[in-house]
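# Architecture at a glance
Given next are the chains, with one letter for each unit.
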Amino acid sequence: MIEVKNVSKSYGPVPAVKNISFTVEKGHIYGFLGPNGAGKSTTMNMITGCLSATSGTITIDGHDIYSEAIEAKRHIGYLPEQPPLYTDMTPFEYLSFVGRAKGLSKGELYDQMESVMEKTGITDVADRLIRNLSKGYKQRVGIAQAILGDPDVIILDEPTVGLDPIQIVEIRQLIQELGQEHTVILSSHILQEIHAVCDWVIMISKGEIVASDTMENLLASAAHSANIIRLETEGDADAVQKVLREIAGVQDVSIAEKGGRLSVTVKTEQDAQVGDEIFMGLRHAGLPVHSMTDGGTEGQSALEDLFIQLAGESLDAGAAYAADKAAKKEKKKEHAEKLPQGETTLGSAYYTEEDASSPKDSPADVKNDDTEEGTYSPLFEEKEDEDK
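Residues numbered from 1 in each chain as written. Predicted model: local features only at pLDDT ≥ 70, side-chain atom pairs only at ≥ 80, totals over all residues. Heavy atoms only, no water.

### A look at the sheet that holds strand S2 (residues 14–24)
For clarity, the cut-off: When DSSP finds two or more bridges between two strands, those strands count as paired. Numbering of helices and strands runs from the N terminus, with a helix taken as a DSSP run of H or I at least four residues long and a strand as a DSSP run of E at least two residues long.
Pairing is antiparallel across the open sheet formed by 4 strands, whose spatial order is S2-S1-S4-S5. Among the strands making up the open sheet, the edge pair consists of S2 and strand S5 (63–64).

### Describing the nonpolar core
Filter applied, for reference: What is meant by a nonpolar core is a set of buried Ala, Val, Leu, Ile, Met, Phe, Trp, Tyr and Cys residues, joined one to another through side-chain atoms within 4.5 Å. Relative accessibility thresholds used throughout: buried, under 20% of the residue-type maximum; exposed, over 50%; partly exposed, between the two (1.4 Å probe, protein chains only). By definition, residues are in contact when any of their heavy atoms lie within 4.5 Å.
With 44 residues, the main nonpolar core has Leu-95, Ile-143, Leu-148, Leu-156 and Ile-175 as its most contacted residues. With near-sequence residues (within four places) excluded, Leu-156 lies in contact with Leu-79, Ile-143, Ile-175, Val-184, Ile-185, Leu-186 and Ser-187. Listed in part, the 26 residues of the second largest apolar core include Ile-47, Ala-53, Ala-72 and Ile-155.

### Quick word on the packing of aromatic side chains
In this description, an aromatic ring pair is defined by two values, namely the gap between the centres and the angle between the planes. Operational definition: Stacked, tilted and edge-to-face are the three classes assigned to paired rings of Phe, Tyr and Trp, where Trp is represented by its six-membered ring and a pair needs centres within 6.5 Å; plane angles under 30 degrees give stacked, over 60 edge-to-face, the rest tilted. Here, over-ring charges are defined by two tests on the NZ atom of lysine or the CZ atom of arginine: distance to the ring centre within 6 Å, and angle to the ring normal within 35 degrees.
Applying the stated rule across the entire model yields 5 aromatic pairs. Consider the rings of Phe-92 and Tyr-110, whose centres lie 6.0 Å apart with planes at 20°: the pair is stacked. Of this pair, Phe-92 sits in helix H3 (residues 91–101) while Tyr-110 sits in helix H4 (residues 106–120), placing them 18 residues apart in sequence. Taking relative accessible area as the criterion, Phe-92 reaches 33% and is therefore assigned partly exposed. Take Tyr-110: its relative accessible area is 34%, and that puts it in the partly exposed class. Within the aromatic cluster, the residues linked to one another by ring pairs are Tyr-86, Tyr-94 and Phe-97. Here the basic side chain of Lys-9 rests over the ring of Tyr-11, its NZ or CZ set 5.5 Å away from the ring centre.

### Quick word on the pattern of salt bridges
The condition that has to hold: One speaks of a salt bridge when a side-chain nitrogen belonging to Lys or Arg is within 4 Å of a carboxyl oxygen belonging to Asp or Glu.
Taken as a whole and judged by the stated rule, the model has 8 salt bridges. With a shortest N-O distance of 3.4 Å, Arg-74 and Glu-71 are connected by a salt bridge. For Glu-71, a relative accessible area of 38% gives the class partly exposed. Note that Lys-119 is salt-bridged to Glu-181, the shortest N-O span being 2.9 Å. Linking Lys-119 in helix H4 with Glu-181 in the loop between helix H6 (165–178) and strand S8 (183–188), this pair joins segments that are 62 residues apart in sequence. A relative accessible area of 56% places Glu-181 in the exposed class.

### Section: the packing of helix H5 (residues 135–147) against H6
Two packed helices can be described by the angle between their axes and the distance between those axes. As a reminder of what qualifies: To get an axis, a line is fitted to the C-alpha atoms, and for a helix only the part in contact is used. The angle between two axes follows their N-to-C directions and goes from 0 to 180 degrees. Note that the term roughly parallel is reserved for angles under 35 degrees, roughly antiparallel for angles over 145, roughly perpendicular for angles of 65 to 115, and oblique for everything else. Each helix crossing is assigned a hand: it is left-handed if the near helix lies turned anticlockwise from the far helix by less than a right angle, otherwise right-handed if that turn is clockwise. When residues are sorted by character, Ala, Val, Leu, Ile, Met, Phe, Trp, Tyr, Cys and Pro go into the nonpolar class, Asp, Glu, Lys and Arg into the charged class, and all the rest, Gly among them, into the polar class.
In contact at an axis separation of 10 Å, H5 and H6 are set at 15° when each is read in the N-to-C sense. In terms of their interaxial angle, H5 and H6 are classed as roughly parallel. Crossing of H5 against H6: the hand is right-handed. The segment H5 lies against H6, with Gly-136, Gln-139, Arg-140, Ile-143 and Ile-147 engaging Gln-167, Glu-170, Ile-171, Leu-174 and Leu-178. Considering only residue class, the contact of H5 with H6 consists of 5 nonpolar, 3 polar and 2 charged.

### Some details on a negative patch on the surface
Convention followed: Residues enter patches when their relative accessible area tops 30% and they take part in no salt bridge; the joining distance is 9 Å for like charges and 5 Å for the nonpolar side chains Val, Leu, Ile, Met, Phe, Trp and Tyr. With residues, only the protein chains shown are counted as cover, and all accessible areas are computed by Shrake-Rupley using a 1.4 Å probe. We score Asp and Glu as negative and Lys and Arg as positive, and we do not count His or the chain ends. Where a charge sits is defined by one atom per residue type, namely NZ (Lys), CZ (Arg), CG (Asp) or CD (Glu).
Taken together, the side chains of Glu-108, Asp-111, Glu-114 and Glu-118 make up a negatively charged region of the molecular surface. Tracing the backbone through its elements, the reader meets Asp-111 in helix H4. When its relative accessible area of 55% is taken as the criterion, Asp-111 is described as exposed.

### Thoughts on the confidence of the model for the protein chain
The test is simple: Note on scores: pLDDT gives the predictor's confidence for each residue, bounded by 0 and 100.
Put simply, the protein chain has an average pLDDT of 80, and 74% of its residues get 70 or more. Across residues 313–323, where pLDDT falls below 50, the model places 6 contacts with residues more than four positions away in sequence or in other chains. Note on residues 344–388: pLDDT under 50 across the span, and 47 contacts to partners over four residues away in sequence or across chains.

Listed below in structure tokens is the structure:
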């Protein structure tokens, strides 16, 4: 149905997607899973022809998405992360507009509009202005425009972001119903969502595909690698770590403090039977065990463990990023101190030490770092001085 072959996308020197390849077959609900910034939306936009690839090919039912765009797009319904709604229209008016843009005849259009409004549950709000609808109903209108025209493949990019728990459940149920008649690609960074809805998972991290298989096979592969034991104890966390890590078969130990107790997750080798040894080891060390359960390898926890393993996502990635930013700023500061007096950045003699004394960033900082207050340029300051 869809073939993505050796596709890359770069923004200037920065690669967003790196030589990815995968195939989407009929009859599945695919979960396109990855952390924020992994390249999910970029890939979805390339598949739908909204964004050109730097290299590689994408075909939809044998049609190239770029050279045969009209034929290829007839097979696709797309809901971007931000639904493309005209909020001064009603859902009825908006779907009528979208249907005509898709080339549906008048008789066919109204039959399909009635069908998609019923499927998505928006018939009762068809005559209200879209801007007055809740976010959940706006998402439903967005899904309705995606399935209008009965496309073979429906692509949904983060369809439940910003919804409340009840709306999330309703949208997930709708996606499962759509999967009975269409092939669905659901892009999300939410593990629970992928596990609840999808039967095939494609994992992407840092612009690269790290896994592509059925949900059943991915969970089975997690089961072959490790078991999980969860327990509650109290006392010194370092002492708990020491006891558990000395037990043969224990691969990893993570500890979190909750309500004065220690919540411990122990990852063990698949065939290791270490429950009794863990209990007795902690007991002999004077560390009482209040509860202990075999977490197994099923469900969301297994998928989460597998994703962290495959994607190489560190739990302290935020701290690492902050440390990297701080190191870069310190390096710039050292560089500035080595420059001649009266000049604070190489090639920018107009930017003086007087300017540097202000809390604003230097041009080098503005170019390389994100600022919360927008972009600063000393050129504007010079212009203001001339006006004075």
